Amino acid sequence: MFSSRARGLLDFCMAVLCVWTAYHHTPAGALVRKASAWAFSTQSTARPLLAFYDGMTGTTLAAPMVAPEVSLVRALTSAEALAWGTHLSLKGMDARARAPATALAQEQGISMSTLVDPVEGPVAARRLLSGLADDFPREEARVTAVFVGRVPARYALERAEAEGGVLSLEALSRQLPPGFEAASVGAAQALALSTAFGLAWPVSEGARVTSPFGERNHPVLGTRKMHTGVDLGVPTGTAVAAVAEGVVRRASEDAVNGRVLVLDHGRGVTTAYCHNSELLVRVGEQVTRGQLIARSGNTGRSTGPHLHYQLELASRPMDPLKFRASVRTVSQDAPF
């Protein structure tokens, strides 16, 4: 039916399509993209994608990312969210790494035991940050001062301002004297946690959680697997909104996650939205908080209509319900 030349061209096109599919939609391809991003110092969406496949990611941090131990009774203000993030980051560090924060706290009559206390810690952290506001008006600089000390933070701030550009945590970290790498990671964790506290919800607040975060019996594979997000039981076609402003890093489809979106919100925070029936934004697009980005569905490895919503901080899946004020009903009999 086809000439030899036409068949050769068709075979070539199919081979290119197979390579492209493997590169963008398989764990092996995600590993290659992750390695390429590391080699060329570029940004990659491979880590969030890999997390959906195996439930974990391989980034090693200087201190563990700590979730709140107490339930929130209401939504937090931006100042409260920053205090919570600072408290939790300090809580995950050892005594030696906390030394700069301990010295600053002593200046204000705050003990470190109070700063890491599950109940009193966020209030003490807000007091500590407030005491630094005059010298460090920007959040990034203020949090940096907590983890590296007043003098190194002032030095980094002056050099970053002289250099110009956006005053980000990355810009400040580049200007720190040698030996403060671990401390800057603590500041990054604090900012990531504070951002997580400010996220909205992708669907109606009344949507039931049909499968929570954590270990579960996989409904399709029949084995114990880590569930790295929460499943929200909503009908096909339900509007899915961006939980914060950000950039679309992935908008594609695969056999596991169905039609999936990954948004990058900055400060090491990404969110993913899986099993959609329709994607309404493209890779590279800037989105705003509350913007319609997809419609939920039942695509990929799924047993019924729902939205799988995933939160990652520094490439580590975290339970998004830990950062919410309200508690939702959990039903294990609903679709996954």
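What you are looking at is a predicted structure, and each value in this text was computed from that prediction instead of being measured.

Examining the pairing of strand E6 (residues 246-254)
Now for step 1: As defined by bridge partners, E6 adjoins strand E9 (residues 286-287) across 2 bridges and the pair is classed as antiparallel. From the neighbouring strand, Gly246 faces E9, where its bridge partner is Val287.
Now for step 2: Hairpin connection, E6 to strand E7 (residues 258-264): the antiparallel pair is bridged by 3 residues.

Quick look at the packing of helix H8 (residues 139-148) against helix H11 (residues 181-197)
Now for step 1: One can describe the packing of H8 onto H11 by two numbers: an axis separation of 8 Å at closest approach and a directional angle of 135 degrees. One element, H8, and the other, H11, form an angle in the oblique class. Like other packed secondary-structure pairs, H8 and H11 cross with a definite hand, here right-handed. Counted together, Glu140, Val143, Thr144, Phe147 and Val148 of H8 and Ala183, Gly186, Ala187, Ala190 and Leu191 of H11 form the full contact between these two elements.
Now for step 2: Of the residues that constitute the contact of H8 with H11, the class distribution is 7 nonpolar, 2 polar and 1 charged.

Description of the packing of aromatic side chains
Now for step 1: Counting across every chain of the model gives 4 aromatic pairs.
Now for step 2: Ring plane angle 75 degrees and centroid distance 5.4 Å describe the contact between Trp201 and Tyr309, whose orientation is recorded as edge-to-face. Of the two residues, Trp201 is situated in the loop between H11 and strand E1 (208-211) and Tyr309 in strand E11 (residues 307-313); the sequence distance between them amounts to 108 residues.
Now for step 3: Under the relative-accessibility criterion, Tyr309 is labelled buried at 1%.
Now for step 4: Between Tyr273 and Tyr309, the aromatic rings sit 5.6 Å apart at their centres with planes inclined by 40 degrees, giving tilted as the arrangement. One end of the pair, Tyr273, is in strand E8 (residues 269-279); the other, Tyr309, is in strand E11, and 36 residues separate them in sequence.
Now for step 5: By relative accessible area, Tyr273 is classed as buried at 0%.
Now for step 6: An aromatic cluster of at least three residues, connected via ring pairs, comprises Trp84, Phe197 and Phe323.
Now for step 7: Over the aromatic face of Phe136 sits the side chain of Arg154, whose NZ or CZ is 4.9 Å from the ring centroid.

Thoughts on the pairing of strand E10 (residues 292-296)
Now for step 1: Note: strand E5 (residues 239-241) against E10, 3 bridges, orientation antiparallel. Bridge pairing in E10 places Val240 opposite Ala294.

Examining unusual backbone geometry
Now for step 1: The phi angle at Ala314 is positive, at roughly 50 degrees, despite the residue not being glycine.
Now for step 2: Mapped onto the elements, Ala314 comes out in the loop between E11 and strand E12 (316-318).
Now for step 3: Classification of Ala314 by relative accessible area gives partly exposed; the value is 23%.
Now for step 4: In the Ramachandran plot, Ser315 falls in the positive-phi region, its phi being about 65 degrees despite a non-glycine side chain.
Now for step 5: By the element assignment, Ser315 lies in the loop between E11 and E12.

Describing the nonpolar core
Note on soluble globular proteins: their nonpolar side chains tend to be buried together.
Now for step 1: In terms of nonpolar packing, the biggest core is built from 38 residues, with Tyr273, Ile293 and Leu313 touching the most fellow members.
Now for step 2: Within the residue set of this core, elements represented by two or more residues are helix H4 (78-91), H11, strand E4 (230-233), E7, E8, E10 and E11.
Now for step 3: Counting residues in hydrophobic clusters, the runner-up holds 35 residues, among them Leu82, Leu115, Leu167 and Ala190.

A few points about the side chain of Arg324
Now for step 1: Secondary-structure assignment places Arg324 in the segment after E12.
Now for step 2: Residue Arg324 is classed as buried on the basis of its relative accessible area of 13%.
Now for step 3: At a separation of 2.6 Å, a polar atom in the side chain of Arg324 contacts the side chain of Glu205.
Now for step 4: If we skip the residues at most four places from it in the chain, Arg324 touches Leu72, Leu199, Ala200, Trp201 and Glu205.

Remarks on the confidence of the model for the protein
Now for step 1: Averaged over the protein, the pLDDT score is 82; the fraction of residues at 70 or greater is 76%.
Now for step 2: Taken together, the stretch residues 47-62 has pLDDT below 50 and engages in 55 contacts with residues farther than four places along the chain or on a different chain.

What counts and what doesn't
- Residues numbered from 1 in each chain as written.
- Predicted model: local features only at pLDDT ≥ 70, side-chain atom pairs only at ≥ 80, totals over all residues.
- Heavy atoms only, no water.
- Pairing = 2+ DSSP bridges.
- Helix = DSSP H or I, 4+ residues; strand = E, 2+ residues; numbered from the N terminus.
- Axes fitted to C-alpha atoms, helices over the stretch in contact; angles between N-to-C directions.
- Parallel < 35°, antiparallel > 145°, perpendicular 65-115°, else oblique.
- Left-handed = near helix turned anticlockwise from the far one by under 90°.
- Contact = heavy atoms within 4.5 Å.
- Nonpolar A, V, L, I, M, F, W, Y, C, P; charged D, E, K, R; others polar.
- Phe/Tyr/Trp six-rings, centres within 6.5 Å; stacked < 30°, edge-to-face > 60°.
- Buried < 20%, exposed > 50% of the residue type's maximum accessible area, 1.4 Å probe, protein only.
- Lys NZ or Arg CZ within 6 Å of the ring centre and 35° of its normal.
- Core = buried A, V, L, I, M, F, W, Y, C linked by side-chain atoms within 4.5 Å.
- Polar contact = N/O pair within 3.5 Å; in protein donor to acceptor, adjacent residues only side chain to side chain.
- pLDDT = per-residue confidence, 0-100.

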